[in-house]
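Coordinate inspection notes
Single-letter residue listing:
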Amino acid sequence: MYALRIEYLTGRCVATSYNDRNRAEWPPHPARVFSALVASWADSDSPDDERAALDWLAEQPPPSIVASDASRRHVVPHFVPVNDTTVLSDFRPVVRKLDELLIAYEVLENESLGAVARGDQKQASSKQRALSKLSMQIEKQRASLKARQAEDLAPLAKPSASAVVNASRLLADGRTRQSRTFPSVSPHDPVTYLVWSALPAVGIRKALDSLARRVVRVGHSSSLVACRFVDTAPQPTLVPRNDGTEVLRVAALGQVQRLVDAHSRHLEVEPRVLPGAFQRYGPPHTRSVRSPTASVFSNEWIVLRQSAGPHLSTPLTVEVTQALRDAMMSHADQPPAEVLSGHQENGERSVTPHMAVMALPFVEHPRASGTILGLAIVPPRSASDEQRLAILRALGHWEQSARDRSQGKGDTEAPSLQLRLGSRGVIELERIVWGFSSLVNLQAETWCRPARRWISVTPVALDRNPGNLHASDPHVAEEAWKSAAEVIAAGCESIGLPRPVRVEVLPSVTMAGVAKARAFLPFPADARKTRRVKVHAYLEFGEPVIGPVIVGAGRYYGLGLFRPISDGWAKA
Amino acid sequence: MAKTSELTLDVLERAVAGESAAIRCVTRLQPAGGKGDKIFPPTYGVDKPDPTRYAFERRQIDGHPIETVLLDSVASQANRMEEALFAAWSEERLSFPVISVDFSGEEGLADLDRITTLHAPHRIADALLRDSVDGEGRRFRDTEPGRAYTDSSAKNAAALYRYCPTALIFGVWDSTGPRGGLGNKIQRCLVSEIVGVGAVFGSKTSSRIDPTGIQANVPIFHRKSDHDDWTTDESEAWVEKGKAVPFSRKGAEGKGKPSSINHSNIKPTIDVTAGGVTIDYAIQTTVLSLPALRRLRFPLDEDGEPLVGERRVALERSARTAVAALALAAITELRTTGFDLRSRSLLIPEQAGPLVLDLIPAEGGEPATYTLSSDQAAKLVAEASRHAGKSGLRWEREPLTLKPAPKLSALIRESRKRAAVGEVDDTEGGN
C-alpha cells in the first residue's frame, strides 16, 4: 500500500463543500487533494516525470480514507474589503492601440528594408512615405496620451457626487466590503491519510513524494498542511463501496488534463467547481453486505441545465420532456433506435426499458419555487453500448447543428440547445459537462441515492383507473385509494424494485416546491387516449433502494418521479 | 531539563532550505483582568434567529465536548501583525522595504499621514497605490517598481522581494491590475488565529442616562430656517400643512423625540446575542508554511540578469530565509505590542518570557523547539537580508514614497467638505 499523510498544521481545515457554499467539506475529498498535488506540479516547471506520476495516481481506484470526526465552526459572514474602486481613468485600451501602431511600424520597416535589398526603388519609396506618415501618427498619439494622462491626474473642476464617493472609498475606512464565508472544521485528529492499495514503481514514488512535500494547502489559503507519502497508515475509516451513504469527489482517468483545461478557463478566479467523478464511501465492514436493488433506470444521466427562456414550473413537465424527446428523435440517426423511440421496428411498444426524460425541479429547500431547473436524459441501466451510443449520437447531432448555427460563438463544448414549446416560448438548454452541477437538484445523486423512503415530486399517472377517489360514499372512496396504492406498488415492481412495504396515496404533498396532482396537465396530452388518474404518493421499502424511482404510465416522461428522503425527514 | 536554545540564522536557513515542513507557535493567553474575566469576541451579522453572533464551535478535547469561540480571525491577526511590523519599522527596530502614500503634504489631509503597504487592505496591489504618483507625477504602475510588480509572480518574485516583502508573507492578489483576473496571486505563508476555549456565553446590558436630563416626551421639530437643524420652539419650527414637522434624521430612532437628536434616556436592553464570554483560556496558533516560501522563485538577480546553478540556489535560499525571518519578526512584534483585540478584550500570555517556536521536521518525528525574542528576531532579519544582498538581491533601502494623485486629494477634500455639511450620502454611488 501507499498512503498520503496530510497534517493540518493549524489544527483547522478550511474548505468549502462543492455543493454548499455555507458548509465545510470533511473529510477532504480525494479530488481536492489530487488538485493540490497537481497545483504543486504546475507551480514548478511542470516536469514530465511528475506528470506521469500524477496520471498514474489518477488511474488507480479511489483511495480509502483515514480521518477522525471533526467539529464544525458556526459559519458567519466575514466582510472583505474590495479593491476595484478608483478615481483615475483606465488608459489600457489607448495604450493597446498605440502598441498596435508600433507593431505596424515594425512590420512596415521590415518591408521597406526588404524592398531596398531587392533593389525595388518604387516599392522602397512607397514604403518610406508610409513609414513617415505612420511615424507622425504615432508621435501624435503618444503626445495625446501623455496629455490625457496628465489631465486625468489633475483635480476636477466640478467633481460629481459619485467621484467624491469613490475617493472617500479609497481610504481603508470607507472601503466597500463584500461578504464571504469561510466554512471550516477542526478535526479531532489533525492527521489524515489517503490510502491506495497499489505499489508504485520507484520513479513514480520519488515523483509523488516530491510533489506531496511541496503542497502548501488543501482548501482555502489559510488551510495550511504538511504532506508526504508513507508506507503505513492506520485502519481506514471510510472505504469506497457502492452502497455507501457518503458521496465524495475523486480523481478519474485523465484528471490532470481536465484540470489543466479547466484552469486555462477559470485562471484561479473564484468561484469554480473542480472536475471529478463521484464515488460512494462508507465505513469498512468485515461482513459482506448485499448491494441494494436499483431500478431499471440508470443513475448515469446526461443533464441539461436551462440557461435561458421563461421559468417553467413542474405542472408543465410532460410538455417539456415530450419536446426534448421529439428533438432527440429528430436529430437521431433515422429511423430512431428503439431505445430512443420506445417502439420496436414493427411499431409495437417496447417490452424492454428505454430512454426516459425527466424534468428536474427546484424542490425541498425552504424557499423552493418548483421551477424546472433542467432536464435529465436517463438511459436504461441495462443499456448496451450500442444503445448508449444511439442516445449520445442524437444529442451530438443536435449540439453540432446548434454549434453550426451559432458559428463558433459562445461555448462550443456544450452549445445552447433551443427547445420550442409552442405558445410558451423557447427555452435554452446547456449540457453539464464537468461531472456535476452546483445545483443540488441537477445532480443525479440527489435523486438516486440509496434510501428506504421516497416521496413523489411529480404525481404518478396510474396504469389502471383505481375508481372514484373523490366519491361521496366513503367506502367507495376508500376502495379507490387502496386500489391506487396497489397499482403504485405493482408499478414499483415493474421497474425492477422490490414491492414496497408501505404505500400511502396522498391528496397533496408537503415537500416545498411540489405542485398538487390536479395542477398537472392531463396525461396523455392526446385527448383521444385514455386520460390517467394522477396522484402523489409516499413509498417505504424494507431495505434501501437505489434510484431513480420513476413509477407509472408517465414514467418515461418524468411523471411519477420520486425523491429519496432520509430517515430523519419530517413532513413540514 | 535542557534549556531551550535561541533560534539562529543557521538553523533557520536549514529549516527553510528543506529540513522543516513548518514553524509553529502556540501561545496560551488569559484575559488581562484575570482568569474568568468576561471578554468580547468579534460579532458577525447573522440571519436571525441565531443563538449568538459569535463564531463558536463545539470541539472534542480529551473526549469531552468543549465550547470554543473565535476571538481573532486569520484576517484580523494578519492586520495586527502588519501593524506591529509597521510600529517596529517606524521606530527603526526593523528595517525592510515599505511603500507608502504620503498625505502629509496635502492641504487639509495631513491627518491621514502616511498610508503604507502594511495598512492598505490589498497591500502593494491596493487601489490607493494605483491612484497615486511618484515624485515625477507618474502613476505608480507606470514607475519602474510598479511595472516590475505587475510583471512579477511566485515564479519570479524578485520585484516583490525588493519592494514589498511583506506581501510575500501575507499574500497578495493583483485582481484589478492591468492583467485583471490573470494578475499574479501570491499565497500567504503565515496564518494565525486566536480561539477561546471553554466559552460560556454571557449577556450584555446597555442603557444610557442623559446628563442634561432631557425628558423623553419633549417634542422636537425641524427648524424653519434650516431643515437639518432642530428646535423645541414651535414658533421656529418648519410648518407643513398647518402642523410643525417632527424632527427625524436618517437612521436615528424616535421621530420627533429627543432620542432622534441623541439626547434623552435609552431604556435598558439586555443583549443576549452578543453578551461577551468567559473562557478557561485562549489559544493563539500561528503557523509559517515553509513549502509556501519554497514555492517562491527568483530566476533573475536585481540587475535583471538570469541566475543559474549554484548562484541561483544560493540566492533563492537566502531570499526565502530573509522572508522567513521577517515573518518570525511579525510574530514576535505582535507579542510585544500585546493582544488588545477590541474594547474589553485585552489578553496576555499565561507564561512570561520569549516566544517558543516548534520547527516541524519534514521527515516526521518530534519538533525541535527554540525560543525567539524580538531583539533576536530583528537580528535575524538584518543578517538574513544582508546575506541575500550579497547573493545578488537586496532590499530597497530607500522607502518608496508616493503621493496621492492631485485628483484624488482634491476629491477627498471635497468629500470631507460635503460630509461636514451633511451632504454626502454614503449609500449612493456605485458599489
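Residues numbered from 1 in each chain as written. Chains lettered and ligands numbered in written order. Predicted model: local features only at pLDDT ≥ 70, side-chain atom pairs only at ≥ 80, totals over all residues. Heavy atoms only, no water.

What follows is about the overall build of chain A. Along its length, chain A carries 12 helices and 25 strands. Looking at the 572 residues of chain A, the share that counts as buried comes to 48%. Across chain A, the fraction of contacts at a sequence separation of at least 24, relative to all contacts at a separation of at least 6, is 78%. When the accessible area of chain A is evaluated, it comes to approximately 27500 Å², of which 51% is carbon and sulfur surface. (Helix = DSSP H or I, 4+ residues; strand = E, 2+ residues; numbered from the N terminus. Buried < 20%, exposed > 50% of the residue type's maximum accessible area, 1.4 Å probe, protein only. Contact = heavy atoms within 4.5 Å. Areas by Shrake-Rupley, 256 points an atom, 1.4 Å probe, with all protein chains shown as cover.)

Before going further, it helps to examine the confidence of the model for chain B. All names here are of chain B. Per-chain confidence: chain B averages 84 in pLDDT, with 83% of residues scoring 70 or above. Contacts of residues 424-431 to residues separated by more than four positions or lying in other chains number 13 contacts, the stretch itself having pLDDT below 50. Interface confidence in the predicted complex, given as ipTM, is 0.81; pTM for the same model is 0.69. (pLDDT = per-residue confidence, 0-100.)

Opposite charge on two side chains allows them to pair when their charged atoms are near. Under the defined criterion, the tally for this structure stands at 53 salt bridges over all chains. Residues Lys482(A) and Glu479(A) are paired through a salt bridge, measuring 4.0 Å at the closest nitrogen-oxygen approach. One end of the pair, Lys482(A), and the other, Glu479(A), are both in helix α12 (residues 474-494), three residues apart, so they sit about a helical turn from each other. As a salt-bridge pair, Arg502(A) and Glu540(A) come within 3.3 Å of each other at their nearest N and O atoms. Of this pair, Arg502(A) sits in strand β23 (residues 502-506) while Glu540(A) sits in strand β24 (residues 534-546), and the two are 38 residues apart along the sequence. By relative accessible area, which is 39% here, Arg502(A) ends up partly exposed. On the accessibility criterion, Glu540(A) (15% relative accessible area) is buried. Through salt bridges with shared partners, a single ionic network connects Arg12(A), Arg73(A), Glu57(B), Arg59(B) and Glu193(B). (Salt bridge = Lys/Arg side-chain N within 4 Å of Asp/Glu carboxyl O.)

When you line up the elements, Glu67(B) lands in strand β3 (residues 64-72). Apart from the residues within four sequence positions on either side, Glu67(B) is in contact with Phe56(B), Glu57(B), Arg58(B), Gly196(B), Val197(B), Gly198(B), Ala199(B) and Phe201(B).

For the rest of this paragraph, the subject is helix α2 (residues 74-90) of chain B. Residue and element names in this part refer to chain B. Over its 17 residues, α2 extends 24 Å from the first C-alpha to the last, a length consistent with the 24 Å expected when each residue adds 1.5 Å. Summarising burial for α2: 12 of the 17 residues are buried, a large majority. Turning to α2, its buried residues are Val 74, Ser 76, Gln 77, Ala 78, Arg 80, Met 81, Glu 82, Ala 84, Leu 85, Phe 86, Ala 88 and Trp 89. (Expected span 1.5 Å × (residues − 1).)

Taken together, the contacts link 74 residues of chain B with 65 residues of chain A. Here chain B meets chain A over a buried area of about 5900 Å², counting both sides, of which 55% is carbon and sulfur. The element best represented in the side of chain B that touches chain A is helix α10 (residues 406-421) of chain B, accounting for nine residues. Residue composition of the side of chain B that touches chain A, grouped by class: 34 nonpolar, 17 polar and 23 charged. (Buried area = accessible area lost by both parts, 1.4 Å probe. Nonpolar A, V, L, I, M, F, W, Y, C, P; charged D, E, K, R; others polar.)

Bringing the pairing of strand β20 (residues 346-349) of chain B into the picture now. Residue and element names in this part refer to chain B. Two elements, strand β1 (residues 20-31) and β20, share three bridges in a ladder whose sense is antiparallel. Directly across from Gln 30, in β20, lies its bridge partner Ile 348. As paired strands, strand β19 (residues 339-340) and β20 are joined by two bridges and run antiparallel to one another. Bridge assignment links Asp 340 to a residue of β20, and that residue is Leu 346. Where β19 folds back onto β20 in an antiparallel hairpin, the turn is made up of five residues, including Arg 344, whose phi is positive at roughly 60°. (Pairing = 2+ DSSP bridges.)

In this section: the packing of aromatic side chains. Residues and elements named next belong to chain A. The full count for this structure, using the stated rule, is nine aromatic pairs over all chains. Measuring from ring centre to ring centre gives 6.1 Å for Tyr 18 and Phe 278, while their planes differ by 50°; the resulting arrangement is tilted. Of this pair, Tyr 18 sits in the loop between β3 (16-17) and β4 (20-24) while Phe 278 sits in strand β14 (residues 277-282), and the two are 260 residues apart along the sequence. Its relative accessible area of 14% is what places Tyr 18 among the buried residues. Just above the ring of Tyr 557 sits the side chain of Arg 325; from NZ or CZ to the centre is 5.0 Å. (Phe/Tyr/Trp six-rings, centres within 6.5 Å; stacked < 30°, edge-to-face > 60°. Lys NZ or Arg CZ within 6 Å of the ring centre and 35° of its normal.)

A few words now on the sheet that holds strand β5 (residues 64-66) of chain A. Residue and element names in this part refer to chain A. Read across the open sheet, the four strands follow the order β5-β10-β1-β11; overall the sheet is antiparallel. Two strands lie at the open edges of the sheet, namely β5 and β11 (225-230), each paired on one side alone. For this sheet, the mean angle separating the axes of adjacent strands, direction not counted, is 20°. Relative to strand β10 (residues 191-196), strand β1 (residues 2-8) is paired through six bridges, and the arrangement is antiparallel. Along β10, the bridge assignment pairs Leu 4 with Leu 194. Of the strands in this sheet, β1 and β11 are in contact with helix α6 (residues 202-213), which crosses β11 at around 165°. (Axes fitted to C-alpha atoms, helices over the stretch in contact; angles between N-to-C directions.)

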